[in-house]
Amino acid sequence: MTAAPRRVLAWSAPVLLALIALPFVVPPYQTVLLSYGLVLAIAALGFNLLLGYTGLLSFGHSAYFGAGAYAVAFIVKYLGLESMEAFLLGGILASGAVAALFGLLCVRYTKIFFGILTMALSQVLWSLAFKFFWVTGGSDGLRVPTPTLLGGTVRVGSDKFEFLSHRYYFYVLAVFVVCVAVMWIIVHSPFGKALQAIRDNETRAEFVGVQVWHYRWVAFVISGIFTGVAGALWVPLNGLTTPDILHWTFSGKMVFFTVLGGFQTFFGPIVGAIIFNYLETYAVGHTVYWQMVLGIVLVVLVLVLPAGIVGTVRRFGLRPVKVS
Amino acid sequence: MDTLVVHLLNALLYASVMFLIAGGLSLIYGVMRIVNLAHGNLYAFGAYVSAWAVGRVLGSGTEASPWLYALLPLGAVAAAGLGAVLEPTLLRPLYRRAEEYQLLITFGLLLILEDLMRLIWGPYPLQVSALYEGLGSLTFGESIYPTYNLLVILIGGLAAAGLWAFVYRTQFGVVLRATSQNMRMASALGVNVNRVYVQAFTLGCFMAGLGGAVIVPQQGAVLGMGVDALILAFVVVVIGGLGSLEGALIGALMVGVVREAGITFFPEIELAVLYLMAAVVLLIRPAGILGRA
């Protein structure tokens, strides 16, 4: 336990420094692209608290991502605020509330029933966002202006792209680092250990005094909030929120990149999300058949590399970071 | 009164197509314990193949000769063939693995099939409405109703009866049910489980393809129809019970009635009501109305 954090710090510190230096080296487009990757990585962190640490496969995490994103759009539309801190707070409250409610219903189930129930509930939100167009804009979605950062002290200025690729990138990076640190603490706390006990053997966990449903519910809410934070950070980048991010196929992508990185490791989902983002952007940019590219990658991945990228690298001993 | 009959017939129409899709999904789950996320795409595949075949023969003409209807089942056969290829190649290696991976590989399959149809048939919808209009419509009282819809309802009913006879009245049905109840025991008694799996999967895909084939004259074949149908099929099997054919029938009838009522009385929340119905059933009876736990 004492050796592991030191080893993690030993390689994560240079990575972090490289990430900070990046906007000054690469073209702005690359930085914006990486911002998307980091945002997805926050969602993946939250998602993996359920899949990797609690053993629950949710096919409905689009609900919390979308709750965060639509909360931001509503803050702009109805409260007229444009502060990123207000956006984040709104995203946390909205996704937390939705996750608390849906979690109450879902945590009694496991395996395929958990997956279908989370999916059905997320589709409820999707169909509401789709049909109540006078509130949500329907399939056109809602526009969100570029926010001000740090209580209004950092403003967008004249060049929006420059703002997104520098100031907003650092903002996303800072939130990302905080999220990683918080999640690291959560999974290494007694609470995190209890979740892993539930994952490995529910009955035994119950016998040693873990209140299984209660712990699962708390994990569900935390997971939803992380995903909601990602949704709130995503909207200003995209400038628009549409029902697409509430659709269950978006949940499928979250499952995809978490498994791509390796859900049995702490850092796997982060790596998976960032690589997935590049993969998707590249595929969308080069072919109209990008879904097929993603599908083939997923099928090959499941058949050949079930442990994911980080899991496979770790198995071959190239980066001996043992987590949990 | 007449409008009530029309509403009821529409509900039955939805129910027939939903039963064909969801029945196949449920059959596959019942025997193989796999939830096939690509099932909706097999339905869409059936629709595309039928529309393509009819369109080729029909050419630029609009006159629907009776034997064109005989081309429609081609979609079901094509979907069955696709299923017979997919099961041994992609699914069989995964039976020993955690079910997360089975879901993932069928999700990958969904993405691939979705674009494969775009690649083969292009981004524009295929229409064969000549077949739909060719049968004309019936008049009763002050209402008129398309005859083709009645044909779909008839096929849905026949499919349900045929499947019931197949599963409960044939030698193969006995083997199928035995494998479904206890795969190991069936295997120990000499059942070739691999063969049963591929047959069950093929039959399930055939039903999905048939669903697409019968509805394509009315709705056309469009991209994305599979993904939408899958979620409704989930609602049906969750209500009726995963793995139960009778459950799929009951679920399909309920979904058909609620959809028709929804479109008429509460169009904004029609879909939300359906998903909520599934969630409520899962909460009260996790295994569905007729499901085994």
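Side note on the overall build of chain A
Logical step 1: A count of helical and extended segments in chain A gives 15 helices and 2 strands.
Logical step 2: Relative to the globule expectation of 20 Å for 324 residues, the C-alpha radius of gyration of chain A, 19 Å, shows essentially globular dimensions.
Logical step 3: Its C-alpha atoms give chain A principal-axis dimensions of roughly 60 × 45 × 40 Å.
Logical step 4: Intrachain contacts of chain A at a sequence separation of at least 6 include 78% that bridge at least 24 residues.

Looking at the environment of Leu298 of chain A
Logical step 1: Of note, Leu298 of chain A is situated in helix H14 (residues 290-304).
Logical step 2: Taking the C-beta count within 10 Å as the criterion, Leu298 of chain A has 27 such neighbours and is therefore assigned buried.
Logical step 3: The residues touching Leu298 of chain A, leaving out its near neighbours within four places in the chain, are Phe256 of chain A together with Leu104, Phe107, Gly108 and Leu111 of chain B.

Description of the interface of chain B and chain A
Logical step 1: At the interface, 34 residues of chain B touch 33 residues of chain A.
Logical step 2: Elements represented by at least two residues in the side of chain B that touches chain A include exactly helix H4 (99-121), helix H10 (225-240) and helix H12 (270-284) of chain B.
Logical step 3: Top element by residues in the side of chain B that touches chain A is H4 of chain B. It accounts for 16 residues.
Logical step 4: Class assignment of the residues belonging to the side of chain B that touches chain A gives a composition of 27 nonpolar, 1 polar and 6 charged.

Some words on the environment of Trp217 of chain A
All names here are of chain A.
Logical step 1: With respect to the helices and strands, the residue Trp217 is situated in helix H11 (residues 212-238).
Logical step 2: Sequence-wise, Trp217 and Gly103 are 114 residues apart; in three dimensions their C-alpha atoms are separated by 5.6 Å.
Logical step 3: Sequence-distant contacts of Trp217, that is, excluding residues within four places in its chain, are made with Gly103, Leu104 and Val107.

Re the pairing of strand S2 (residues 143-146) of chain B
All names here are of chain B.
Logical step 1: Summarising the sheet, strand S1 (residues 137-140) and S2 pair through 4 bridges and their orientation is antiparallel. Note that in S2 the partner of Ser137 across the bridge is Pro146.
Logical step 2: Hairpin connection between S1 and S2: a loop of 2 residues separates the two successive antiparallel strands, and Gly141 in this loop has a positive phi of roughly 60°.

A short note on unusual backbone geometry
Logical step 1: Positive phi outside glycine occurs at Arg33 of chain B, with the angle close to 60°.
Logical step 2: Classification of Arg33 of chain B as partly exposed rests on a count of 15 C-beta atoms within 10 Å.

A few points about the environment of Gly55 of chain A
All names here are of chain A.
Logical step 1: You can see Gly55 is positioned in the loop between helix H2 (28-54) and helix H3 (62-79).
Logical step 2: Sequence-wise, Gly55 and Phe263 are 208 residues apart; in three dimensions their C-alpha atoms are separated by 10.0 Å.
Logical step 3: Setting aside residues no more than four positions away along its own chain, Gly55 makes contact with Ile198 and Arg199.

A look at the packing of H3 of chain A against H11 of chain A
Residue and element names in this part refer to chain A.
Logical step 1: The interhelical angle for the contact between H3 and H11, taken along N-to-C directions, is 45°, at an axis separation of 6 Å. Taken as axis vectors, H3 and H11 run oblique relative to one another. Here the hand of the crossing between H3 and H11 comes out right-handed. Across the interface between the two elements, Tyr64, Phe65, Gly66, Ala67, Gly68, Ala69, Ala71, Val72 and Ala73 from H3 touch Gly224, Thr227, Gly228, Val229, Ala230, Gly231, Ala232, Trp234 and Val235 from H11.
Logical step 2: By residue class, the composition of the contact of H3 with H11 is 12 nonpolar, 6 polar and no charged.

Topic: H11 of chain A
Because an α-helix completes one turn every 3.6 residues, residues spaced three or four positions apart along the sequence face the same direction.
Logical step 1: Between its first and last C-alpha, H11 of chain A extends 38 Å over 27 residues, near the 39 Å set by a 1.5 Å rise per residue.
Logical step 2: Along H11 of chain A, 19 of the 27 residues are buried, which leaves the element largely enclosed by surrounding structure.

Focus on the confidence of the model for chain A
Logical step 1: Model confidence for chain A is summarised by a mean pLDDT of 85, while 96% of its residues fall at 70 or above.
Logical step 2: Across chain A, the element-wise mean pLDDT spans from 76 in helix H7 (residues 160-165) of chain A up to 92 in H11 of chain A.

Rules and cut-offs
Residues numbered from 1 in each chain as written. Chains lettered and ligands numbered in written order. Predicted model: local features only at pLDDT ≥ 70, side-chain atom pairs only at ≥ 80, totals over all residues. Helix = DSSP H or I, 4+ residues; strand = E, 2+ residues; numbered from the N terminus. Rg over C-alpha atoms; globule rule 2.2 N^0.38 Å. Contact = placed C-beta atoms within 7 Å. Buried ≥ 20, exposed ≤ 12 C-beta atoms within 10 Å, placed from the backbone. Nonpolar A, V, L, I, M, F, W, Y, C, P; charged D, E, K, R; others polar. Pairing = 2+ DSSP bridges. Axes fitted to C-alpha atoms, helices over the stretch in contact; angles between N-to-C directions. Parallel < 35°, antiparallel > 145°, perpendicular 65-115°, else oblique. Left-handed = near helix turned anticlockwise from the far one by under 90°. Expected span 1.5 Å × (residues − 1). pLDDT = per-residue confidence, 0-100.

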